[in-house]
Amino acid sequence: MGEPAPTASPLVHRYRLEEFHELAPPPGGGHWELIAGVLYMVPPPTLAHDTVVSRLNMIFAAYLLSHPERGTLYVPRAAVWIPADTWLEPDLFLVSAERQREDDSSAADLVVEVSSTSTAVYDRTAKADTYAALGVGELWLLDMERRTIERRVLGGPVSVHRDDEPCTSVVFPGLQATPRQVFGD
């Protein structure tokens, strides 16, 4: 009969990280994420999504090439996690040099999620709340439909940026991007 299918119901099963890493990929592509033992399936990204991530990756990389002492950029499939039961794969994230010196390899200082119709609710609620609970200082939510960058600062203001209005990082001084740069014309 084979292995039982993974379940996302916490009433049926809560996963530990060891079990999570043993799961087969979800059918049809995408990947699994885990929040407090609850399993979530993230659909595969579209080409438009990957293009936006690529553009932002170049902006972040250029920033860190100019300021290598400030931190490290991590790209898709790298994870923000806690040992027991949480594993999230942001589209991009930055870890400050200070956090790296503390050897806190499971956390991030600035996380980016590019949201589409299929992921917007998850990205804006469960995933954003989990990043806040993990102490991520800044979250950029890029909305593919509205072509905006929403910046959420932990314990601080939320701002929404459109067109050529720069979204400037609070955590990484001098890092900024405009929606036009990342979404194109």
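Residues numbered from 1 in each chain as written. Predicted model: local features only at pLDDT ≥ 70, side-chain atom pairs only at ≥ 80, totals over all residues. Heavy atoms only, no water.

A.B. asks: Give me the environment of Cys-167: which residues, what numbers.
C.D. replies: For Cys-167, the location among the structural elements is in strand S11 (residues 167–168). On the basis of relative accessible area, Cys-167 is assigned to the buried category, the value being 0%. Sequence-distant contacts of Cys-167, that is, excluding residues within four places in its chain, are made with Trp-140, Ile-149, Arg-151, His-161, Leu-175, Gln-176 and Ala-177. (Helix = DSSP H or I, 4+ residues; strand = E, 2+ residues; numbered from the N terminus. Buried < 20%, exposed > 50% of the residue type's maximum accessible area, 1.4 Å probe, protein only. Contact = heavy atoms within 4.5 Å.)

A.B. asks: Hey, could you go over the sheet that holds strand S7 (residues 110–115) for me, with residue numbers and the actual values?
C.D. replies: Ordered by their spatial adjacency, six strands build an open sheet running S3-S6-S7-S8-S9-S10, and the pairing between neighbours is mixed. Of all strands in the sheet, those bounded by a partner on one side alone are strand S3 (71–74) and strand S10 (158–162). If you compare each strand with its neighbour and ignore which way they point, the axes differ by 15 degrees on average. Of the strands in this sheet, S7, strand S8 (138–143) and strand S9 (148–153) touch helix H4 (residues 120–133), which is tilted by about 165 degrees from S7. (Pairing = 2+ DSSP bridges. Axes fitted to C-alpha atoms, helices over the stretch in contact; angles between N-to-C directions.)

A.B. asks: Explain H4 to me, and be specific about the residues and the numbers.
C.D. replies: Counted at 1.5 Å a residue, the expected span for H4 with its 14 residues is 20 Å, and the 19 Å between its end C-alpha atoms agrees. Where H4 bends most, at Lys-127, the angle is about 35 degrees. Of the positions making up H4, those classed as buried are Tyr-122, Asp-123, Lys-127, Ala-128, Thr-130 and Tyr-131. Following H4 by one or two positions, Gly-135 adopts a phi angle in the positive range, close to 85 degrees. (Expected span 1.5 Å × (residues − 1). Bend = angle between axes of the 7 residues up to and from the residue.)

Read these as geometric descriptors, not functional statements.
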